[in-house]
Amino acid sequence: MAERYKTAGTNVETTVLGADEIILNMGPQHPSTHGVLRVKLRLDGEKVVGSECVIGYLHRGVEKIAEHRNYQQFAPYVDRMDYVAAVSNGLGYCEAVEKLLGVEAPPRARVIRTILTELQRIASHLFWLGTHALDIGALTPLFYCLREREEILKIFEKYCGARLTTHAFRIGGMQYEAYDELEKDVERFCKDFDKRVDEYEALLTENRIWVGRTKGIGVLTADAAIAMGVTGPVLRASGVQWDIRKAMPYAAYDQYEFSIPTGKSGDTYDRYLVRLEEMRQSRKICLQAIEKIPAGPILGKVGKVLKPPPGEIYHSIEGPKGELGYYIVSDGTTQPYRVRIRPPSLMNLEALDQMIRGHLVADVVAVIGTLDIVLGEVDR
Amino acid sequence: MTNDSEEKQPPRPAEAEKSAGTPAAPSASPFAPGGTPSSEAPAKPVAPSAAAAAIPPKPGAPAKPPGPPPPPKEAPPKPAPLDNDLVRRYKTRFSGAIQEALLDRRQAILVIAADRLLEIARYSRDEEDFNLLVDLTAVDWPKREKRFDLVLNLYSFPKNERLRIKALVAENEPVPSVESVWPTANWLEREAFDMFGIVFEGHSNLKRLLLPEEWQGYPLRKDYDILQQDEAWVRENLGIDSGQ
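From a predicted model like this one, the values you see are computed outputs, not experimental measurements.

*Asks:* Can you break down the overall build of chain B residue by residue, with the values?
*Replies:* Counting its regular elements, chain B contains seven helices and eight strands. Put simply, chain B has 244 residues, and 37% of those count as buried. Counting contacts in chain B only where the partners sit at least 6 residues apart, residues at least 24 apart contribute 49% of the total.

The following block contains the structure:
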C-alpha cells in the first residue's frame, strides 16, 4: 500500500495506518477557509495525501461586466475583488488605464496614492495576521490587529468617505484632494505603529505553540514557488527577493527607501516574519512620503470620455497578496474590449495542494491562512 | 446585460464624434441597447496584423469633449513592429513560427503559430529565462477566421523583463498545453477552457474552474447570451415562458 502513495507527493512519507483512504470535505462554509473555499481532502488517517480545491462560489463575472461598462464605470467593481485591499486594486486598474491612454497622474496624486496604498497594505496584513492567528488558536492578536486597522480605515473614511470599498482613485489621478490633516493622521498612526508590531511579535514570535504550529509547515521552495506562479510575500518567504515596487516601480515608489524582506525556509513561520517586516517597511514608506507631498493638481488631463487608442496593456502592481495585474485590450471605443485580471490569490491558492501534502488536517487550516487568499479575488 | 441601456455613457458632443475619425466611425451602433454590443464593435482595426499598418493617421484618438484642455502633445500610443535582439533570437530559432513581433506601449509582443506553442514555451523558459508564467488568458474576436488570441504573459526574474506571447487559435482547434513547462498553467488553462472553450491538449485535468461543471456555453465569448440560457432554464424547469 505504501507504494500507492509514493506517486502522490514529492518526498512525502506516508504512513499506512491500516485505514482506508477517506475523502473529507472542508468548506465552503468552514470558518477557517476565509470565505467560500471548498477543499476536498484525500486523507490517510489524519494525513493529507491529496487535495482538490473547488472554487467559483463567489464568481460574479467581473471580467464580463467590464466589457459592458466604460472605463470609469468599471473602476468601482475592482474594489470588490480583494475587498480587504480595495485601494490597491483601484491603483492597479487606474494605472493600467492611464498607461493604455498614454497619460500619467500628476506627482502629487502619485505620492498620495502611494501613501494610501501602503496604508492599505498594512491594513491587509493586519487583517491577515489577526485571522491567521485566530485560525491557529491565538485569539488575542485579532483584537490588537483590528484596533490598528481601524485607525487606517478611519483615515480612508476621512479621505473619501468609505472604509472598505473605497474607490479612492480616478483614472488620471484622484478625485478628492487630501484633507488637511492627512499628514498628521498618518504620522500619528506611524509613530507608534512600530511598537505595535513589536507587541504582536511579543505575542507570537517566540510563542511555543505558534512556533510549533508554523515552523516547517507548508514548505515551498523557491523553484516550486516560481513554477507555481506564486508571488508576493509567499514568494519572498521562499527566498526570492522580488518586489514589483523595486523591480518595475510605479506610483512614487522609486523615490523612497525601503528593503524587501525575505525568508529562508519558505514555511509558514517565515511567511509570518516576512509580512511583519513588510508592515514595518510600509510604515517607513509612509513616513518618507508624508515628509513632502508635492503641491500641484491631483487630476491629470484626461477627458470625460475616455477612448484609448486601439491596443493593449499589461500593468501590474505589488498588491498585499502578490502581483496584481490588469491586462486590458482596447478597440478604440469607450468600453474596454477585454479586461483580464491577474489575481495573486488564485495562483497562490493553486500551490495549496503541494504545500499541504503529508501534513495533518489541522495544518491545512494554517496553510490556507498563511497564503492570505481572498475568495472575492480568486473567483472574481 | 439587460440594463445596458441605462448604464450607457453620457451622449458624446458632436465634436468628439467627428474627431473619432474613421476607425471608430460606426461607434454609434455598438452601443445600441440590448443585444451583444461588443460583438458588433469594430473588431477589424485591432487585429494585430492590421493594427500597425491600417491606421497610420490616428486622428485625435483620445476624443475629448470641447471643455477640457487639448490632449498631451506626444502621439497617442499604438502598436509598432519590433525588431530587437530578443525577437531576432526567436526568429532564427523558430523562423516560420514567429508570425509577428510588436511593441505596444513599450511592451513586447510575439505572435506565434499555435501548434508550436509548447516548443516555444519551453525555449522561453529554458533559454530565455522567462521562468514565471504570470498569466494565461484569451481574447475573443468572433469576426476573425481564428477567433481567439491565446495570451501568455511571461516574466523573467534574471532579466527583469516581460514578454507577451500570443497565438491565434480557431474555435475547436486544440492547443498544446504548457502545463508541463509552467505547472501554474494548470488552473489558468482550466479557466481559459471554462470561459472561452479553448481545448488544451495534454492537460492533466481539463474541466471548468470557476463555473459549475454542468454550465452551458462559454461566458467570455463575445457571442455568449446569458438571456437565452436563462429563458431555456425557466422553460425547462418552470414550464413557463420567461418574462425577461
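Next comes the rest of the account.
*Asks:* Summarise the domain arrangement of chain A; cite the residues concerned and give the values.
*Replies:* Residue and element names in this part refer to chain A. Entries for chain A in the domain assignment read domain 1 (2-54) and domain 2 (62-338 + 359-379). Summarising the inter-unit geometry, the C-alpha centres of domain 1 and domain 2 are found 31 Å apart. Taken together, the 13 residues of domain 1 in the interface contact 12 residues of domain 2. Put simply, the parts of the chain that give the side of domain 1 that touches domain 2 at least two residues each are strand 2 (38-44) and strand 3 (47-54). Sorting elements by how many residues they give to the side of domain 1 that touches domain 2 places strand 2 first, with three residues.

*Asks:* Which residues make up helix 5 (residues 117-126) of chain B, and what values do they have?
*Replies:* Residue and element names in this part refer to chain B. Where helix 5 is concerned, the buried positions are Leu117, Ile120, Ala121 and Ser124. Buried residues of helix 5, viewed axially, fall in a sector of 105 degrees; they line one side. For helix 5, the secondary structure elements touched by its buried residues are strand 3 (107-112), strand 5 (148-156), strand 6 (161-169) and strand 7 (175-176).

*Asks:* Can you break down unusual backbone geometry residue by residue, with the values?
*Replies:* Of note, Asp372 of chain A is a non-glycine position whose phi angle comes to about 55 degrees, a positive value. Relative to the elements of secondary structure, Asp372 of chain A occurs in the loop between helix 15 (361-371) and helix 16 (375-379). By C-beta crowding, Asp372 of chain A is classed as buried, having 28 other C-beta atoms within 10 Å. Here the phi dihedral of Arg105 of chain B falls at roughly 50 degrees; this positive angle occurs in a residue that is not glycine. If you trace the backbone, Arg105 of chain B turns up in the loop between strand 2 (98-104) and strand 3. Exposure remark for Arg105 of chain B: the 19 C-beta atoms within 10 Å place this residue in the partly exposed category.

*Asks:* Give a detailed account of the environment of Gln241 of chain A, specifying residues and quantitative values.
*Replies:* All names here are of chain A. Note on placement: Gln241 falls in the loop between helix 10 (233-237) and helix 11 (244-247). Look at Gln241 and you get partly exposed, because 13 C-beta atoms sit within 10 Å. C-alpha of Gln241 to C-alpha of Glu312: the two residues are 71 residues apart in sequence and 29 Å apart in space. Here Gln241 is in contact with Arg236, Ile260 and Thr262, once residues within four sequence places are set aside.

*Asks:* So what's going on with the sheet that holds strand 3 of chain B? Which residues, and what values?
*Replies:* Residues and elements named next belong to chain B. Overall, mixed pairing links the six strands, which are arranged 1-2-3-6-5-4 in an open sheet. Two strands lie at the open edges of the sheet, namely strand 1 (80-81) and strand 4 (132-140), each paired on one side alone. The strands touched by helix 6 (residues 185-196) within the sheet are strand 4 and strand 5, with strand 4 carrying the most contacts at an inclination of about 10 degrees.

*Asks:* Describe in detail the pairing of strand 3 of chain B, supporting the description with residues and values.
*Replies:* Residue and element names in this part refer to chain B. Where strand 2 and strand 3 come together, six bridges link them in antiparallel fashion. Bridge assignment links Asp104 to a residue of strand 3, and that residue is Gln107. Linking two consecutive strands that pair antiparallel, namely strand 2 and strand 3, is a turn of two residues; a positive phi of about 50 degrees is found at Arg105 within it. Of the pairings in the sheet, the one linking strand 3 to strand 6 comprises four bridges and is parallel in character.

*Asks:* Requested: an account of the confidence of the model for chain B, with residues and values cited.
*Replies:* Residue and element names in this part refer to chain B. With 68% of its residues at a pLDDT of 70 or more, chain B shows a mean pLDDT of 73. Low pLDDT, under 50, characterises residues 1-72; the predicted model gives this stretch 121 contacts beyond four residues in sequence or across chains. ipTM for the predicted complex: 0.84, alongside a pTM of 0.79.

*Asks:* An account of the sheet that holds strand 2 of chain A is requested, with residue identities and associated values reported.
*Replies:* Residue and element names in this part refer to chain A. On the basis of which strands lie adjacent, the open sheet formed by three strands has the order 1-2-3 and antiparallel pairing. Strands with a single pairing partner mark the edges of an open sheet, and in this sheet they are strand 1 (22-26) and strand 3. Pairs of neighbouring strands in the sheet enclose a mean axial angle of 25 degrees, with direction left out of account.

*Asks:* Break down the pairing of strand 2 of chain A for me, citing the residues and quoting the values.
*Replies:* All names here are of chain A. When strand 1 meets strand 2, the two strands line up antiparallel, connected through five bridges. Counterpart to Leu24 in the pairing with strand 2 is Leu41. Here strand 2 runs beside strand 3; their pairing, made up of seven bridges, is antiparallel. If you follow Arg42 over to strand 3, its bridge partner there is Gly50. Hairpin geometry of strand 2 and strand 3 is characterised by an intervening segment of two residues between the two adjacent antiparallel strands and by a positive phi of about 65 degrees at Gly45.

*Asks:* Let's hear about the packing of helix 5 (residues 107-136) of chain A against helix 15 of chain A: which residues, and what values?
*Replies:* Residue and element names in this part refer to chain A. Axis separation between helix 5 and helix 15 bottoms out at 9 Å; the angle between their running directions is 175 degrees. Between helix 5 and helix 15, the angle is such that the two are roughly antiparallel. Contacts from Thr131, His132, Asp135 and Ile136 in helix 5 reach Val365, Ala366, Gly369 and Thr370 in helix 15. For the contact of helix 5 with helix 15, a count of residues per class yields three nonpolar, four polar and one charged.

*Asks:* Describe the packing of helix 7 (residues 182-204) of chain A against helix 12 (residues 268-291) of chain A, naming the residues involved and giving the relevant values.
*Replies:* Residue and element names in this part refer to chain A. Where helix 7 contacts helix 12, the two axes come as close as 10 Å, and the packing angle between them is 160 degrees. One element, helix 7, and the other, helix 12, form an angle in the roughly antiparallel class. Crossing hand, helix 7 versus helix 12: left-handed. On helix 12, the residues that touch Glu183, Val186, Glu187, Cys190, Phe193, Asp194, Val197, Tyr200 and Glu201 of helix 7 are Leu276, Met279, Arg280, Arg283, Cys286, Leu287 and Ile290. Looking at the contact of helix 7 with helix 12 residue by residue, the classes come out as 10 nonpolar, no polar and six charged.

*Asks:* Please set out the environment of Tyr256 of chain A residue by residue, giving values where relevant.
*Replies:* All names here are of chain A. Relative to the assigned elements, Tyr256 resides in the loop between helix 11 and helix 12. The exposure class assigned to Tyr256 is buried, which follows from the 20 C-beta atoms found within 10 Å. For the pair Tyr256 and Val234, spaced 22 residues apart in sequence, the C-alpha to C-alpha distance is 23 Å. Apart from the residues lying within four places of it in its own chain, the contact partners of Tyr256 are Ile285, Gln288 and Ala289.

*Asks:* Tell me about the environment of Asn207 of chain A, residues and numbers included.
*Replies:* Residue and element names in this part refer to chain A. Tracing the backbone through its elements, the reader meets Asn207 in the loop between helix 7 and helix 8 (208-214). Residue classification places Asn207 among the partly exposed residues on the basis of 16 C-beta atoms within 10 Å. Distance from Asn207 to Asp44, taken between C-alpha atoms, is 30 Å for residues 163 residues apart in sequence.

What counts and how
Residues numbered from 1 in each chain as written. Chains lettered and ligands numbered in written order. Predicted model: local features only at pLDDT ≥ 70, side-chain atom pairs only at ≥ 80, totals over all residues. Helix = DSSP H or I, 4+ residues; strand = E, 2+ residues; numbered from the N terminus. Buried ≥ 20, exposed ≤ 12 C-beta atoms within 10 Å, placed from the backbone. Contact = placed C-beta atoms within 7 Å. Domains from an automatic or database assignment. Arc of directions from axis to C-beta. Pairing = 2+ DSSP bridges. Axes fitted to C-alpha atoms, helices over the stretch in contact; angles between N-to-C directions. pLDDT = per-residue confidence, 0-100. Parallel < 35°, antiparallel > 145°, perpendicular 65-115°, else oblique. Nonpolar A, V, L, I, M, F, W, Y, C, P; charged D, E, K, R; others polar. Left-handed = near helix turned anticlockwise from the far one by under 90°.

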